Structure formats: structure tokens, C-alpha cells
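Here is how the chains run, residue by residue.
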Amino acid sequence: MKFGPASPDDAIGGVTVHTLRQGAFVLKKGTTIGPVEVEALNRAGVKEVVVVRLEDGDVSEDVAAADVAKAVAGAGVTVERAFTGRANLFAARAGVLVVDRAAVNRINNIDEAITFATLPAYKPVVEGEMIATVKLIPFGVEAGLRDAAVAAARREVLRVAPYRIKRVGVVSTILPGLAPKVIDKTLRVTADRLAPAGATMIAERRVPHDQTVLSAAIKEMLDLGAELVIVFGASAIADRRDVIPAALTAAGGVVEHFGMPVDPGNLLLIGKARGVPVLGAPGCARSPVENGFDWVLMRLLAGLKVARRDLTGMGVGGLLMEIVTRPQPRISPATDSNNDIAAVILAAGRSTRMGGSNKLLAELNGKPLVRVVAEQVLASKVSTVTVVTGYQAAEVERALRGLNVTFVYNPDFPTGLASSLKAGIGVVPKEAGGALICLGDMPLIDARLLDRLVAAFAPDRGMLIAVPVSDGSRGNPVLWSRRFFGELMSLEGDVGARNLIARHGEVVAEVAVDDHGAFLDIDTPQALAAMRRG
């Protein structure tokens, strides 16, 4: 292949290497020079153009890319027409991407001119998803190099294994303290995981965390025709002799491997009974966030065997994003308790529904409303109290003069509640295990309720959010574990964190309240007048 500058007349048959611009004239990269282009170049006053010419024994970039792409494409893969030296490959069906890593490396080692990139091996893909690309770096390549790359493929390098398992049985074990809603959410999350594979739960059972009863439940799932059985334990598997592996063995099955170098997901068990795969799910499988359970589940749904060496080979890249609700997060235990709770009072709003006055400064029983709230918070067991100010900040600070509170000013208060929430969370002391978020316009909140919220907050038992509840409705204040601070800091606009509570329902401790103090905030002059009348 010849490469270099040439006059327009001598460039005929060559391909432009660069886009050329001269005045209003533009000649794009990759253009084959013919008589028309020569005339245009001369008319534009171009004296020289850099071109590349294929020689005998060379093939063009598009031909080479297409040939290599066709060689690597296996079952369930389609190849797009090559263009500018690139041939993209797509999934022709939903399934799990299977990649021959050694063959990919062989192809990429042929010559720097030929590159082949894929999505990660065993990634679940959907029909039409781009899964790989072959790219030729120069405008052409020696045919021998193209042939070597094609030969390096040898057999299917890239294929999409279709989902085969459709019938899944789920067994959940129960111990005292495990709320039914936790299992309900686990089933919803599991159904969502199975849906892309076209698989469904044919049955689910909830049984005591007992070897004999669990063994019978596994047998029942097999009798019902389950092609995969998943067991969610009320307690994590701690040993090969624990309840779940022992129950699998008692059901006539075998434990093939326990544990995997993926975190979250370490405590996964994989086995088999009557030829059907059985998974002992790690605790993180209750969360919709990707974890090691997903890596194994999707392979099994595609009918791919997951052997011990497959599991032990997952360590590189196996440290995944933290799941905030996992029982033992990667944070210091000292900051994950209810021994040190900070309170944040949101007092930055403009009181737009009050007709011009600031409701927080309105007097109730001779005290500004915001002071009534602050005094109750200070009387509780919280360790520190921070007040977020914004609108009429100086006046709010005067209303709280003499109280042991600190202030943080939110300059973005006009944008809504989320900005004040973030301002408060941003100054919570590092040693605090959680933050009690209080609204400055809820004067009926008392210290007893706040102390009940603190008592219900129990990270060691998975209770990471504490909220007052009456007649099925959730109110305020809300106590948040430090684990959620990142999500709270991502909120925007005039919205609170209600959606986060719903998203993490399995870790919510509900504190029943008889009065309406947790639901009454003062937003209008009418509400204030009614409050004063008692």
C-alpha cells in the first residue's frame, strides 16, 4: 500500500487520507479521486493532496473488516455492512453473549492494522444490541494479514446463547423478625430479573428456616417442573453444613460450589438436584442493583453451565458498586448505629402559600413556630441540631437565639426543598450514623416521637430508615442512615425523599403514631388559625 502526497493529476485512483478544506471547497477523507475530483482540486488551487493507493495483494479496509467480522460471527449474531473500515456486529436475539477470549486476543495480535472489540463476556444482551466491532486502522491491508485474522477465528468467536430456562421455582425461608414485605419485595425484584429472559416463577413457597422443611420445599419445586430453583434464606449461608446446603443434599442434590469472588455476592451457593440447577441466593440478591447473583443467574437461564472454575475466575472486576441496603456495608461500624444521630431542621422555605408572611416566624403560644420545633428536637436524644436557613435567614436565626443549634445557609433555597435537604446533609458530622430530617413548620412534633424514631433505627438488624406511620400513611420526620446520604444528595427540585423510602421499603422501620402531629404542617393562614384555636 502506497501512502503519500501527490498532485491532483497524479492522485487519480488514490483515496484521500485527510479531509481537505480550501476556501469554500471541501473534499472529505476517504474519497476516491477521479476526473471530477481532479478538476475540482485544480479549480480550488490545490497543488497537493495526500492519498493512499492499494497495491497488488492488498484488500480495502471495508473488504477486510467485513471478512473478519463474518469469520467471528456465530449463532445469534448479525453483521452490518462495512463502512469506513468498520463492521459492527449485533445480537440477532436476546440472550447471553459468549466470547472466545483467546480467539479475540489472537486476532488482535495479528497486526496493529486489525482491531476487534466486544462487550464483556457473558453480558445479557437484547435483540438489536451492538455487541462487537471490527475496525481496520489503515485504508487497506495486505490480503495475507486479513487471511491470518480470518484463520485465527477458527470457530465461533462470538455467539449469543438464547435463554432456555423458563420455569423457576422460588423458596424463601423465614425466621422471627423477617418482615413479609421483605419477601414480597424480593419476589418482585426476582420477577424483574427473570423477565428479560422470558422466564417466570411457576411457584413460590415460604417455609421455616429448617433443613427438613426446606428439603421438602425444594423437592416440591422439582415435582412441579421447575427448571431452576432459587432459595432465599432468612439467614445468610455461613458454611457448607448450614441449613440451605444441608437441605439441598437431603433433597438428593449436590453442592457444586459455595462462595464466589464477587462482592456483593460472596455467599452464593450453586448446586444441582435431579439435573436441575439450584441456587442459594446471597442476601444482596434481594436488591435490584447488579451483584454477583446476576452474573450466575443469567448464564443459567441461557442454559450455560457455571462450573467452579467459572466462579473462581470472576475475581478480576468482581468488586462491584456498594449496595446500600446490604447488612454489612463497607463503612466503619462506628458510624452505622443509632448511638449518634444528627438532626437537621429545614427552615429555608419562602412560605408562598401564606400570603406574604413567613410561617416559621408566626407565633404559637407566644413562640415563633420554628422555635417550638427546635426546642422539641433539642429535648430529644439527638446529638446535634443543624438548622438550614434561606428565606429571611437573619430573622429565623433571631427566632432561635439562645438555643444550642448551628446554622447553615442555603443560597439555592428558591429552587426547592431538595437544595435545603442537601445543604443539611452536607454538614452532618462524620461520626453521626444517621440524620433525622425535620420540617420547621410541624409544631406538633414532640421529643417522644423523635426518640421512638431513634430507637426504631437499627442498622445492625437492617432497619436503615425510620418513619412515623398512621393508617398506612407515612409522615415526618424521617431518620435516614448515613448509607443513603449519597442518594439524598442527588435529589433535585421541590421534592423530598418519599420515592427513596418507597424504593427501599425492605429496610424501613415504621413507627405507629396515634395523633396527627407527624402529618400536620402549617402551610396556609387558615391552618395557622386552626392551630392557634387548638
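Residues numbered from 1 in each chain as written. Predicted model: local features only at pLDDT ≥ 70, side-chain atom pairs only at ≥ 80, totals over all residues. Heavy atoms only, no water.

A.B. asks: Sorry, what's going on with the overall build of the protein here?
C.D. replies: Regarding its fold elements, the protein presents 16 helices and 30 strands. Relative to the compact-globule value of 24 Å for 534 residues, the protein shows a C-alpha radius of gyration of 33 Å, a clear excess of over 25%. The dimensions of the protein, computed from C-alpha atoms along their principal axes, are 95 × 75 × 35 Å. Considering the protein as a whole, with its 534 residues, one finds that 51% of them fall into the buried category. Taking all contacts inside the protein whose residues are at least 6 apart in sequence as the whole, residues at least 24 apart take part in 70%. A total accessible area of about 24,700 Å² is found for the protein, and carbon and sulfur atoms account for 52% of it. Separation of charge centres in the protein, based on 60 positive and 57 negative side chains, amounts to 3 Å. (Helix = DSSP H or I, 4+ residues; strand = E, 2+ residues; numbered from the N terminus. Rg over C-alpha atoms; globule rule 2.2 N^0.38 Å. Buried < 20%, exposed > 50% of the residue type's maximum accessible area, 1.4 Å probe, protein only. Contact = heavy atoms within 4.5 Å. Areas by Shrake-Rupley, 256 points an atom, 1.4 Å probe, with all protein chains shown as cover. Lys, Arg positive; Asp, Glu negative; His and termini not counted. Charge placed at Lys NZ, Arg CZ, Asp CG, Glu CD.)

A.B. asks: How do you make sense of the side chain of Thr-133 when you look at a structure like this?
C.D. replies: The topology assignment puts Thr-133 in strand β12 (residues 130-136). A distance of 3.0 Å separates the side chain of Thr-133 from the side chain of Arg-86, its partner in a polar contact. A polar contact is formed between the side chain of Thr-133 and the side chain of Asn-88, at a distance of 2.7 Å. Ignoring any residue separated from it by four or fewer positions in sequence, one finds Thr-133 in contact with Arg-86, Ala-87, Asn-88, Leu-89, Thr-115, Phe-116 and Ala-117. (Polar contact = N/O pair within 3.5 Å; in protein donor to acceptor, adjacent residues only side chain to side chain.)

A.B. asks: Please clarify how the pairing of strand β21 (residues 341-347) should be interpreted in this entry.
C.D. replies: Consecutive residues of a regular strand have side chains that alternate between opposite faces of the sheet. Among the seven residues that make up β21, seven are buried, leaving the element largely enclosed by the rest of the structure. Alternating positions in β21 separate into two faces, Ile-341, Ala-343, Ile-345 and Ala-347 on one and Ala-342, Val-344 and Leu-346 on the other, with burial throughout. Bridging between β21 and strand β26 (residues 434-439) involves six bridges; their strand directions are parallel. By the bridge assignment for β26, Ile-341 is matched with Gly-434. Relative to strand β24 (residues 384-389), β21 is paired through six bridges, and the arrangement is parallel. Looking at the pairing, Val-344 lines up with Thr-386 of β24. (Pairing = 2+ DSSP bridges.)

A.B. asks: Sorry, what's going on with the pattern of salt bridges here?
C.D. replies: Between side chains of opposite charge, a pair can form as their charged atoms come close. Within this structure, the stated rule accounts for 16 salt bridges. One salt bridge in this structure joins Glu-492 and Lys-422, with 3.2 Å as the shortest N-O distance. Here Glu-492 is found in the loop between α14 (485-488) and α15 (498-503), whereas its partner Lys-422 is found in helix α12 (residues 417-425), with 70 residues between them in sequence. Taking relative accessible area as the criterion, Glu-492 reaches 57% and is therefore assigned exposed. Among the charged side chains, a salt-bridge network with shared partners connects Asp-67, Arg-146 and Asp-147. (Salt bridge = Lys/Arg side-chain N within 4 Å of Asp/Glu carboxyl O.)

A.B. asks: Sorry if this is basic, but what is going on with the packing of aromatic side chains here?
C.D. replies: Given two aromatic rings, one states the distance between the centres and the angle between the planes to describe the pair. According to the stated counting rule, one finds three aromatic pairs in the structure shown. Between the aromatic rings of Phe-232 and Phe-293, the centroid separation amounts to 6.3 Å while the plane-to-plane angle is 55°, which identifies the pairing as tilted. Of the two residues, Phe-232 is situated in strand β17 (residues 228-232) and Phe-293 in helix α8 (residues 292-301); the sequence distance between them amounts to 61 residues. For Phe-293, a relative accessible area of 0% corresponds to the buried category. Measuring from centroid to centroid gives 5.8 Å for Trp-480 and Phe-484, while their planes differ by 70°, and the two rings are edge-to-face. What makes Trp-480 buried here is its relative accessible area of 3%. Residue classification places Phe-484 among the buried positions, given a relative accessible area of 0%. One residue, Arg-299, lies across the ring of Tyr-122, its end atom 3.5 Å from the ring centre. (Phe/Tyr/Trp six-rings, centres within 6.5 Å; stacked < 30°, edge-to-face > 60°. Lys NZ or Arg CZ within 6 Å of the ring centre and 35° of its normal.)

A.B. asks: What exactly am I supposed to notice about the sheet that holds β12 here?
C.D. replies: Strands pair in a sheet through their backbones, by hydrogen bonds, and they do so in one of two ways: parallel or antiparallel. Spatial strand order, β7-β8-β12-β10: four strands in an open sheet with antiparallel pairing. Each edge of the open sheet carries a strand with a single partner, namely β7 (77-79) and β10 (114-118). When the angles between neighbouring strand axes are averaged without regard to direction, this sheet yields 15°. Pairing geometry for β10 and β12, over five bridges, is antiparallel. Bridge pairing in β12 places Ile-114 opposite Leu-136. (Axes fitted to C-alpha atoms, helices over the stretch in contact; angles between N-to-C directions.)

A.B. asks: Explanation requested: the side chain of Asp-100 in the structure shown.
C.D. replies: Here Asp-100 lies in the loop between β9 (95-99) and α3 (101-108). Relative accessible area serves as the criterion here: at 14%, Asp-100 is assigned to the buried category. Reaching out from Asp-100, the side chain makes a polar contact with the backbone nitrogen of Ala-102 at a distance of 3.2 Å. Once you skip the residues sitting within four places of it in the chain, Asp-100 turns out to touch Arg-155, Glu-156 and Val-157.

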